[in-house]
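# Fold and geometry: a report
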Amino acid sequence: MSAVEVRDLHKLYRRYGRRKNFGTLKSALLGGRLRADLRPDASFEALKDVSFTLARGRTLGIVGRNGSGKSTLLKLIAGIGRPTSGTIDVEGRVSALIELGAGFHPEISGRENVFINGMMLGLSKREVADRFDDIVRFAEIGEFIDAPVKTYSSGMYMRLGFAVAVHVDPDVLLVDEVLAVGDESFTHKCLDRFADLKRQQKTIVLVTHTLDLVTRLCDEALWLDHGRIRAQGDPKRVIDAYLLDVAATEDAAVSTARPVSHQDSLPQDMTTAAEGRWGSREAEIAGVELRHAHGAPGQVFRSGEPMDIVLAVHAARELTDFVFGVAVYSADGVCCYGTNTHIEGAQPQRLSGKGEVVFRIDALDLTAGTYRLDVAVHRADGVPYDYHRLLYSFRVTSTVKDVGFFRPKHGWTFSGGVEIAGPGVSSEDS
Amino acid sequence: MISGGHVLASLRQLLRYRALVVSLVARELKARYRGSVLGFLWTFVNPLLLLLVYSFVFGVVMPGARAPEIEHYPLFLFCGILPWTWFSQSLTESCVSLTGSGSLLRKVMFPAEILPAVTVFTGLVNFGFGLVILAGFSIYAAVPLLTADLLWLPAIVLVQLMLSLGLGLLLAALSVHFRDIRDLLGSVLTLWFFATPIIYPYTQAPERLRPLLDLNPFTHLAVAYQEVLYVAGPYRQGARLGIAAGVALVALIVGYLVFDRLRETFAEEV
């Protein structure tokens, strides 16, 4: 039994009147182009060939970059606008949380707005009356319910809008990124309500950039890219594929944005030095590359995955006193980790001609963020041959919003009177 | 192309959403009357002012210009100005009914024709209040109001409702694409006002101009209101009302079809 069935959906957005920002009938009549102005003269294909079915009681998460057609798809399912071609079948009552409190009238009371909003969302007057107390309780509006809506704080406004929308008792609930607004406790309330609706076997379609939410809440995921479905199915798999793709694009962006500068002067104070490169160049680091476990170069890594820092080195003449070092800094310059071959007790023997040094990180246990790298080759007493300070950066992505820099491998165990279920119990990468 | 079934389906939808229309009309009225001190009166300031001006002009300045058979000129005037106010306000406000509700159209699934309909029905309620004021005048002027003619009133109001709805839908939809329609409409309505027997009786118009007047559907409506509410003796112009009804029906169908044709563009253009 499918609650939402979308077949071969295409949506073409049309732009009208390229030269007119505000068309006027006068100019249309004078120019004799009334019909021309009513005809679209440019179009943009927002959705191409989108098909999927969603069974009743399932939760679908739709992800994708900005402008990939997510909201368009949601609006079409909600019945706002018509598809250019293709069909959408929705079983039962649809409620869309696309904008909270859309259509509230500022001059009249919250009470009257609840009735009008509820009826706009498809309830009868009696049905709104039956739910009224629940709505007010959920929204935590209290006595303000009889004050004009224009006197509400934006938080109250949103809570009331959300309360109405979720009490419409929809068979299919469509949610567009509304959780991005509102404070922590409101967000929790929304999530609790979703859990309730899921238990009641309601079908939910969620559009969000919070990927974590998709893996936690959704039974299925769908990734839209430039209006087409790139992947659909198991949330974890879809999100991973999406993250990989985002990473690939970011790679391109990061590597073009950060050309290696060559600066040979020695800075006054090494610890506060900005990025740069210095040293005698008796030994030289000719190239630095970050690689994924499978050997592909990259600049974006998922937290917990392995990373290789590969240094291409060469020495003009043979050296016996040399140390290789690596340090990882946070974006704001805090040293997260640093080490070198001398500290770790390695005995240098010989460096001559070309060579390669690989610093392997088995698990990049860092939280999400941008990090920068120092790499260096220097003498045991610290005199640099070639020091690259903060010249390289990489990004760590994660679906978990934990804080700090270091994410140890971890897990939670509960026993006795402690009962916790659901996501967050087992750490995602351990 | 012209499919009556389509229009019927839309009317059914309007019927299904009637509770919402009723609430929205109530909201309009409340919001308008609550926000200002004079509240309710504001709606009637304009027609009363018109009434005052024309009564002064034709009663005091040049009393010879008006038809001698009109005994209570202000009352006669009011019979025409009242429905005209409803009509012209419906059209003017329909122009902004969609363009002023962008967030609703873009974010909520919601039959857009409700918005111009609410405008027209809000006008209807105000018209109803106006009739009460008119009744007061009639009693004051000792003009018998409770005649069998009054049975025509619902039919006349219905014809005007259809005409206003049709034109309202048309203007609302076109205003989304042509923002100057509202300004143009202002001039057209001024012309239309004088081309309708409101400040003068139909019978005072020159014989050769009457066919032109007859082309104006509001002529038949205005005359009907005057006959039913003011002129003594039974109303015998059912045929004229029939013509107006026909025009109103065509306006409704055309207005709806244009509206429906442009419906998809609303969410993207407002």
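The structure this text deals with has already been given above.
A few points on the structure. Since the model is a prediction, treat every value here as computed from it, not as a measurement.

What counts and what doesn't
- Residues numbered from 1 in each chain as written.
- Chains lettered and ligands numbered in written order.
- Predicted model: local features only at pLDDT ≥ 70, side-chain atom pairs only at ≥ 80, totals over all residues.
- Helix = DSSP H or I, 4+ residues; strand = E, 2+ residues; numbered from the N terminus.
- Buried ≥ 20, exposed ≤ 12 C-beta atoms within 10 Å, placed from the backbone.
- Pairing = 2+ DSSP bridges.
- Axes fitted to C-alpha atoms, helices over the stretch in contact; angles between N-to-C directions.
- Contact = placed C-beta atoms within 7 Å.
- Bend = angle between axes of the 7 residues up to and from the residue.
- Core = buried A, V, L, I, M, F, W, Y, C linked by C-beta atoms within 7 Å.

Here we take up the overall build of chain A. Of regular secondary structure, chain A possesses nine helices and 18 strands. Taken over 430 residues, chain A has a buried fraction of 34%.

For the rest of this paragraph, the subject is the sheet that holds strand S16 (residues 351–361) of chain A. Residue and element names in this part refer to chain A. One open sheet accounts for three strands, arranged S11-S13-S16; its pairing is antiparallel. Whereas interior strands pair on both sides, the edge strands pair on one side only; in this sheet they are strand S11 (283–291) and S16. With direction set aside, neighbouring strand axes in the sheet form an average angle of 15°. In this sheet, S16 lies alongside strand S13 (residues 307–319) in antiparallel orientation, the contact comprising 10 bridges. Across the sheet, alanine 312 pairs through a bridge with glutamate 356, a residue of S16.

Our next topic: the sheet that holds strand S6 (residues 172–176) of chain A. Residue and element names in this part refer to chain A. With mixed pairing, the six strands of this open sheet are ordered in space as S5-S6-S7-S3-S8-S9. Every other strand in the sheet has two partners, leaving strand S5 (94–97) and strand S9 (228–233) as the edge strands with one partner each. Taking the axes of each pair of neighbouring strands and ignoring which way they run, one obtains an average angle of 15° across the sheet. Examined bridge by bridge, strand S3 (residues 59–63) and strand S7 (residues 203–207) share four bridges and lie parallel to one another. Within the sheet, the bridge partner assigned to glycine 61 lies in S7 and is leucine 206.

What follows deals with the environment of leucine 185 of chain B. Residue and element names in this part refer to chain B. Within the secondary structure layout, leucine 185 lies in helix H8 (residues 181–194). Sequence spacing of leucine 185 and threonine 92 is 93 residues, and the spatial spacing of their C-alpha atoms is 7.1 Å. The residues touching leucine 185, leaving out its near neighbours within four places in the chain, are Leu91, Thr92, Cys95 and Leu171.

So, on to helix H5 (residues 125–139) of chain A. Residue and element names in this part refer to chain A. The sharpest bend along H5 measures roughly 50° and falls at arginine 131. Every buried residue of H5 is listed here: Val128, Ile135 and Ala139. Buried residues in H5 make contact with helix H4 (110–120) and helix H6 (154–167). Immediately downstream of H5, the backbone of glutamate 140 shows phi near 55°, a positive value.

Before going further, it helps to examine the nonpolar core. Formed by 147 residues in total, the largest nonpolar core has its most connected members in Leu174 and Val205 of chain A. The element best represented in this core is helix H7 (residues 153–177) of chain B, accounting for 14 residues. Setting aside residues up to four positions removed in sequence, valine 205 of chain A forms contacts with Val4, Leu54, Leu60, Ile62, Leu74, Ile77 and Leu174 of chain A. Of all hydrophobic cores here, the second largest spans 15 residues; its members include Ala283, Ala315, Leu351 and Val375 of chain A.

Attention now goes to unusual backbone geometry. Residues and elements named next belong to chain A. Positive phi, normally seen in glycine, also occurs at aspartate 49, with a value near 55°. One can find aspartate 49 in strand S2 (residues 40–55). You will see that histidine 226, though not glycine, has its phi angle at about 50°, which is positive. Along the polypeptide, histidine 226 turns up in the loop between strand S8 (220–225) and S9.

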